[in-house]
Every structure is written in structure tokens, then in C-alpha cells.
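Structure assessment
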Amino acid sequence: MMLLKEYRICMPLTVEEYRIGQLYMISKHSHEQSERGEGVEVMQNEPYEDPVHGQGQLTEKRVYLNSKLPSWARAVVPKIFYVTEKAWNYYPYTITEYTCSFLPKFSIHIETKYEDNKGSNDNIFEREAKDTEREICFIDIAYDEIPERYYKESEDPKNFVSEKTGRGLLKEGWRESQEPIMCSYKLVAVKFEVWGLQSRVEQFVHKVVRDVLLIGHRQAFGWVDEWYDMTMDDVREYETNMQYKTNIKVCNQHSSAMDEIGSDGKECT
């Protein structure tokens, strides 16, 4: 049995606005994380057509996560540790899968749907998880606690107000009165089929997933004035530029780490 949770993250945006904001946030966030010694290296990002879902975008990344691991995990994984992320974006529906060659029994599968409501659709995954037991977890971008090292006052929706939209200074209970409002519904399945470690690892991974979702969505809104006037072409150009800069950073960090452990490594492209 895998651990299945459905996360619901509301935003003071429309689904159409969030489409731009999400792409901007992911690109900028990836670049910032690379400065922290984490790193997201983009291997592939191109149009993709699915017979069921139609036109979309396929992205493959390597996510370097060593510093996010707990001490007991760092003791057993290689220094050059990364997770492969593959995402199929058919907005407003996306599929994301995470795997790790070092841990073949580990995987994360995320299906996401976006709707213009306050997280009130209890049947949004009726087809994907019919009769499947799962925990519903609301994430409040303004009032849920985030790890202290990620806190920035300028990205705190309780303190931030957007100059371009007038939205912000979210008060307790804001989801009940906020207009516009949309919800990102995420069905997250974490699987780690190793006897004796399964429950501990799956619970830990869900905590990391929850923190990443909370921080990312706070940033998507906190940066709204940076992306609000962008078109889809604008944000795709920004994405391409940031991917190039981020890949260079990650490549340099990767090369340094390989030198530390006495490996020649692979030449970056």
C-alpha cells in the first residue's frame, strides 16, 4: 500500500492567471534553490501531444536534493544524489512523476487539476482515485507554518499586497471571502516498498512535498507583480533563459562535488 494524500491549495488568483504565475514561479524558484546548493537541471522541455489529453508540454529535470535529506538518509545515499522529475502539462491538468535510480522501489506520482473555486470539489479525482482511501489536506498559503529558513516577509501573504492587482494582506479565513479564488488540487501518491522503512520514508516525503507546495505557492503570489503582465510567450522566453542560467549553476556545483569524491564526472552540456 502506498501513502495517498490529496492536497488543496487555494490562491487569490484565477486559473488562467495562475497558469502564467506557476511557470514563472517554477523557473525563478529553481534558480534560487540552485544558489542554496540544491539545484534543478533541465534535461528536456518541449511540446508534447497525448492522444487523450491533447497538446501539452513534456519536461524532464534532475532535482538535486541531498541537503534536504534527514541525517539517517544522508548516511546511506551517494553524495551525488538526484531525483528524476518528468512532467506532462496539459493545463489545467498535469501529471508529474519522480523516480530515483539509486532507490528503484521509490516513486512519487502527482496528478493536478485546477479549478476556480475555494477547494470545495470533493469529486475532482473521481476517475483517478475512485473508492480509494486518501487523506484530504488543505494548505493555507497565509497561515500555515513554513520552515524558518524559507521565510521572507516580502513573500508573506499576510503582509504582502500586490500593486498591480490590489490583492493581498490575507486575513484569517480569507478563503471564504476572497474574489477571485482558485484551487490547485493535487493527488499525491508516495511509494517506498522497503520493509521496515516504508512508513517512515513515505511520511517524511509527504512532509517535504507539503513544504515545497506551501513555499512555491506563497512565492507564486508574492511575485505576482513580476509576472502579472506577462503573456504565455513572455513566460516561455523567461523560462528558457532561467533554465540556461540554472543549468550552468547546477553543472558547476555538480562538477565541484564530483571533484571532492575523486571522480572525473561527466562534462556538462
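Residue numbers here run from 1 along each chain, matching the order of that chain's written sequence. Note on the predicted model: pLDDT of at least 70 is required for a residue's local features to be given, and 80 or more for side-chain atom pairs to be given and counted; whole-chain, interface and lining totals, by contrast, use all residues. Hydrogen atoms and water are omitted, and side-chain values are computed over all heavy atoms in the structure.

Spatially, S2-S3-S4-S5-S6-S8-S1-S7 is the arrangement adopted by the 8 strands of the open sheet, whose pairing is mixed. Taken across any chain shown, the strands that pair with only one partner, and hence form the sheet edges, are strand S2 (40-50) and strand S7 (135-139). Across the sheet, the mean angle from the axis of one strand to that of its neighbour is 15°, orientation sign disregarded. Strand pairing is assigned whenever DSSP identifies at least 2 bridges connecting the two strands. Runs of E in the DSSP output that reach at least two residues are strands. Runs of H or I that reach at least four are helices, and both are numbered from the N terminus. As paired elements, strand S6 (residues 106-115) and strand S8 (residues 182-192) share 10 bridges and run antiparallel to each other. Only the stretch in contact is used when fitting a helix axis, every axis being a line fitted to C-alpha atoms; angles between N-to-C directions are given from 0 to 180 degrees.

The subject of this paragraph is the packing of aromatic side chains. Whether two aromatic rings pair depends on their centres lying within 6.5 Å, for rings of Phe, Tyr and Trp, where Trp uses its six-membered ring; planes under 30 degrees apart make the pair stacked, over 60 edge-to-face, and the rest tilted. Enumeration according to the criterion identifies 7 aromatic pairs in this entry. Where Phe160 meets Phe221, the ring centres are 5.4 Å apart and the plane angle is 85°; that geometry is what we call edge-to-face. Separated by 61 residues along the polypeptide, Phe160 in the loop between S7 and helix H3 (174-177) and Phe221 in helix H4 (residues 198-222) bring together distant segments of the chain. In this pair, the class of Phe160 matches that of Phe221, namely buried. Of the aromatic side chains, those joined through ring pairs into one cluster are Tyr18, Tyr91 and Tyr114. In this analysis the charged atom, NZ for Lys or CZ for Arg, is taken to sit over a ring once it is within 6 Å of the ring centre and within 35 degrees of the ring normal. For the cation-ring pair, Lys28 lies above Trp223, with the distance from its terminal atom to the ring centre recorded as 4.3 Å. Stacked on the ring of Tyr143, the Lys or Arg Lys158 has its end atom at 5.3 Å from the ring centre. Relative accessibility under 20% of the residue-type maximum defines a buried residue, over 50% an exposed one, and the middle range a partly exposed one, all with a 1.4 Å probe and only protein chains included.

On to the environment of Phe204. Tracing the chain through its elements places Phe204 in helix H4. On the basis of relative accessible area, Phe204 is assigned to the partly exposed category, the value being 23%. As for Phe204 and Val190, which are separated by 14 residues in sequence, their C-alpha atoms are 9.9 Å apart.

For residues besides glycine, phi is generally negative; the peptide bonds are generally trans as well. For the bond running from Tyr91 to Pro92, omega is 10°, close enough to zero to count as cis. Within the fold, Pro92 resides in the loop between strand S4 (82-90) and strand S5 (93-99). A cis amide bond, omega -5°, links Glu179 with the succeeding residue Pro180. Inspection of the secondary structure puts Pro180 in the loop between H3 and S8. Positioned with a positive phi, Leu169 is a non-glycine residue whose angle comes to about 50°. Tracing the backbone shows Leu169 in the loop between S7 and H3. What makes Leu169 partly exposed here is its relative accessible area of 38%.

Its location among the elements puts Lys158 in the loop between S7 and H3. Note: C-alpha distance between Lys158 and Glu172 (14 residues apart in sequence) is 8.7 Å. Ignoring anything within four residues of it in the chain, the contact list for Lys158 reads Ala142, Tyr143, Leu169 and Leu170. N or O atoms closer than or at 3.5 Å make up a polar contact, with two conditions inside protein: a donor-capable atom paired with an acceptor-capable one, and, for residues adjacent in sequence, both atoms drawn from side chains. Engagement of the side chain of Lys158 in a polar contact is seen with the backbone oxygen of Ala142, the distance being 3.0 Å. Residues count as neighbours in contact if any of their non-hydrogen atoms are within 4.5 Å of one another.

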